[in-house]
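Coordinates in review
One letter stands for each residue in the lines below.
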Amino acid sequence: MKSTLGKYVKLKQDNFRYGVEKAKRMKVCYLFLLPYAILFFAFYILPIITSIYYSFTYYNILEPPKFIGLQNYINLILQDQVFLTAVKNTFVIAVITGPIGYILSFLFAWFINELPRWLRTLAVVVFYAPSIAANAFVIFLYIFRGDVYGYLNSFLMQFGFIDAPVLWLTDPKTIMPVLIVVILWMSMGTGFLSFVAGLQGVDKKMYEAGYVDGIRNRWQELYYITLPSMKPMLLFGAVMSITQAFNVCDVPRALAGYPSTDYAARTIVTHLFDYGFSRFEMGYASSIATVLFLVMILCNKAIQSMLRKVGT
Amino acid sequence: MSAKYGNKSIMPADAAVIIEQPAKMSKGRFAVVALIVSALLAAVIVFTGLRLNLLDSLALQVEEGTLAQEALPGDAAYLVFYKVGRALAIAALAIFLCYALIRLIDPKRRRPNRSIWGDIGVYVLLTIVAVAMVFPLVFSVASSLKPLDELFRFPPRVFPSHVTLDNYSDLFVTMGQSWVPFSRYLVNTVLITFLGTAGHLVVASMAAFVLAKYDFPGSKAFFSIVVTALMFSGYVTGIPNYIIMSRLRMIDTHWAVILPAFAAPIGLFLMKQFMEGIPTALIEAAHIDGAGEFRIFWTIIMPVVKPAWLTMIIFSVQGLWNANGATVIYSESKKTLVYALQQIQAGGIARTGQAAAVTVIVMLVPIAIFIASQNQILETMASSGLKD
């Protein structure tokens, strides 16, 4: 037993020594990596670490942080009713817009794949434009406006579906559906581009071979040939859509107001903003950020393992 | 050999032959049939349209009192009948024209495994969704060109009947009245965008180069951390970033926006994936010729990965152009263009027209950049996949 352990330790030591040797030989690599690594550490890793640290403290920027253990998390779950609303809203948005946006991105990338080149270019621009058009979504303020001049209200009233204007962005019942529509409108982002490019790269010979092997229709072709060859892009697209689905903030803030009626449009991120930049309770805000971060990582792990099984 | 669809005994070489099978009906006869059918459908549309107009004018006369109520033919069922009939006829015509177009123009390009009705379904769906996607963008452009009375009319129309640039000139008047000149915001944004993108390009592609082409201890672990960091949006890191920036005494300077942009994970990720496609032999050959790592990177690798660095530039520019930096910049004279424009947008109903103009200005830049460079972007995105 002891000798096995000794062997194991020795092996590890050898591996480590070998690694150090190799690292010494490849010093220049680290030199190349260094500038990025420093900045990346300072602005992406350190924030996560400090965020976790501050989540255990009471910190309001003016006084030095005071360690209070799990109190922030306890308050978050047991006391903060608004946080629970925010969690519910975030999950509703993420569960609906995440998968639907992802599937739509793929389906439309797949549909436009066979169009002639100029038409495909046009279609890519049309589908991708909403996601990069800065804050163009504020135009929905005019479309969903609560008075009769709002485009949707007047349209529905003209055709007699409703008699009085609906307060789309003020009524807690209609806020969420409107937000979901707007977020879906913006959901064809980087993942969509990745799908379009990936579909162009699938080997044409595979389709011919599949045809000869008796694939009868486009859906079989999609399942047996296209999806398996697209797996790397599918994984990348999943990361991008999880990020998008959980970090909903600008859209509810701009459309439903901040704070919104009855907190009906409050998401985890707007809650975080409220505590971080309006109330300056950095410790509490950090605990919200930590929760969000953990949820996103778990989601990502689950979805990645699910996607690995596609088409195999 | 008789080629039958789905016959497993066909030799692979025959696949091309099957793809080029001619359409069943000859072009001439098909054209005649197409003409007759579309003429019939058009007649239905015109007829129902005329009936609807007649009913409308009758209803108007009843309303005015020049005609008795009894003169109206039947009841509302007529109206619904003509309306539905007209809608159906238009839809049928559209689908039929689609079919005829695909059959007449495109018989040779058709791929196997695609039913023509499926294609039509896809095209119809694509058209509907594309129109829905474009509508808000078109609506914002159209609203920015409307005079005030048309912005508030009932019922509203999508397109202005009197096109005017008043909103844009009003916007410049509003901007001119603020005590910080408009050009200042523009300079701020351009400065942030330029510096942030330039630094990001150099720093991230150096890192991407060694991560893609050399296998050194820790390289894999580092890259997997970067991939996880793709999920860290500016929101999650916003608060600790604020604290870090304040420790670095960079709050209320442009560096607070620029420096994090240097290390944006998406740029490194795309660049690394693209660089993996470069043959290693190229680097080895340069090594044998005695070139140092930096020389290899700068004179051999960078020119080869031009599509990737264009993509990096575009992603970075888009991010920085849209960054309002509201959480780290407080002085009015240091604010970005987007932030200033958002302040105008927040001006409420009185600024409806100007807000639409702002939206158009802000959204045009990223879209224009994308259109100009979309070939390179798509080439880069082709290698964007995440390997297991």
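Residues numbered from 1 in each chain as written. Chains lettered and ligands numbered in written order. Predicted model: local features only at pLDDT ≥ 70, side-chain atom pairs only at ≥ 80, totals over all residues.

Observations regarding the overall build of chain B
Check the secondary structure of chain B and you find 16 helices and zero strands. Looking at chain B residue by residue over its 388 residues, the buried ones come to 32%. Long-range pairs, those at least 24 residues apart, make up 76% of the contacts in chain B between residues at least 6 apart in sequence. (Helix = DSSP H or I, 4+ residues; strand = E, 2+ residues; numbered from the N terminus. Buried ≥ 20, exposed ≤ 12 C-beta atoms within 10 Å, placed from the backbone. Contact = placed C-beta atoms within 7 Å.)

Structural notes on the overall build of chain A
A count of helices and strands for chain A gives 15 helices and two strands. Taken along its principal axes, the extent of the C-alpha atoms in chain A is 85 × 70 × 40 Å. Residue burial in chain A is summarised as follows: out of 312 residues, 42% are buried. The contacts of chain A with a sequence gap of at least 6 include a subset with a gap of at least 24, amounting to 69%.

Comments concerning the nonpolar core
Counting residues in hydrophobic clusters, the biggest one holds 155 residues, and the most contacted among them are Tyr36(A), Leu179(A), Val182(A) and Ala207(B). Broken down by element, this core gets its largest block of residues, 11 residues, from helix H7 (residues 182-213) of chain B. The residues touching Leu179(A), leaving out its near neighbours within four places in the chain, are Ile93(A), Val251(A), Pro252(A), Leu255(A), Ala256(A) and Ala265(A). (Core = buried A, V, L, I, M, F, W, Y, C linked by C-beta atoms within 7 Å.)

Structural notes on helix H15 (residues 337-345) of chain B
Here H15(B) has its buried residues at Leu337(B), Val338(B), Ala340(B), Leu341(B), Gln342(B) and Gln345(B). In this structure, the buried residues of H15(B) make contact with H7, helix H14 (306-322) and helix H16 (352-381) of chain B.

Digging into the interface of chain A and chain B
Tallying the contact residues gives 88 residues for chain A and 79 residues for chain B. In terms of residue count, the dominant contributor to the side of chain A that touches chain B is helix H2 (residues 27-54) of chain A (16 residues). Taken together, the residues of the side of chain A that touches chain B sort by class into 63 nonpolar, 18 polar and seven charged. (Nonpolar A, V, L, I, M, F, W, Y, C, P; charged D, E, K, R; others polar.)

A closer look at the environment of Leu70(A)
Along the chain, the position of Leu70(A) falls in the loop between strand E2 (66-67) and helix H3 (71-79). Along the primary structure Leu70(A) and Lys88(A) are separated by 18 residues, whereas in three dimensions their C-alpha atoms are 22 Å apart.

Focus on the packing of helix H6 (residues 166-177) of chain B against H16(B)
All names here are of chain B. In contact at an axis separation of 8 Å, H6 and H16 are set at 95 degrees when each is read in the N-to-C sense. Between H6 and H16, the interaxial angle falls into the category roughly perpendicular. Note on element contacts: H16 touches H6 through Gly-353, Gln-354, Ala-356, Ala-357 and Val-358, opposite Asn-167, Tyr-168, Asp-170, Leu-171 and Thr-174. Classifying every residue of the contact of H6 with H16 gives five nonpolar, four polar and one charged. (Axes fitted to C-alpha atoms, helices over the stretch in contact; angles between N-to-C directions. Parallel < 35°, antiparallel > 145°, perpendicular 65-115°, else oblique.)

Notes on unusual backbone geometry
Residues and elements named next belong to chain B. One non-glycine residue with positive phi stands out, namely Arg-249, at about 55 degrees. A tally of 9 C-beta atoms within 10 Å means that Arg-249 is categorised as exposed. Even without glycine at this site, Asp-252 takes up a positive phi of about 65 degrees. Take Asp-252: it is sitting in the loop between helix H9 (238-247) and helix H10 (255-262).

A few points about the packing of helix H8 (residues 219-229) of chain B against helix H11 (residues 265-275) of chain B
All names here are of chain B. At a minimum axis distance of 9 Å, the contact between H8 and H11 shows a crossing angle of 130 degrees. Taken together, the axes of H8 and H11 are oblique relative to one another. In this structure, H8 meets H11 at a crossing whose hand is left-handed. Side by side, H8 and H11 meet where Phe-223, Val-226, Val-227 and Ala-229 of the first sit next to Pro-265, Leu-268, Phe-269 and Lys-272 of the second. (Left-handed = near helix turned anticlockwise from the far one by under 90°.)

Structural notes on the confidence of the model for chain B
Residue and element names in this part refer to chain B. When pLDDT is averaged along chain B, the result is 78; 83% of the residues meet or exceed 70. The model gives residues 1-23 a pLDDT under 50, and that stretch makes 22 contacts with residues more than four places away or in other chains. Across the predicted assembly, pTM comes out at 0.78 and ipTM at 0.82. (pLDDT = per-residue confidence, 0-100.)

Examining helix H5 (residues 117-132) of chain A
Counting along an α-helix, one turn takes 3.6 residues, and residues three or four places apart therefore face a common direction. Compared with an ideal rise of 1.5 Å per residue, which puts 16 residues at 22 Å, H5(A) spans 22 Å between its outermost C-alpha atoms and is within 8% of the ideal. Where H5(A) bends most, at Val126(A), the angle is about 25 degrees, and the proline Pro130(A) comes one to four residues later. For H5(A), the set of buried residues is Ala123(A), Val124(A), Phe127(A), Tyr128(A), Ala129(A), Pro130(A), Ser131(A) and Ile132(A). The inward-facing, buried residues of H5(A) abut helix H4 (81-112), helix H8 (172-185) and helix H9 (190-201) of chain A together with helix H4 (116-144), H14 and H16 of chain B. (Expected span 1.5 Å × (residues − 1). Bend = angle between axes of the 7 residues up to and from the residue.)

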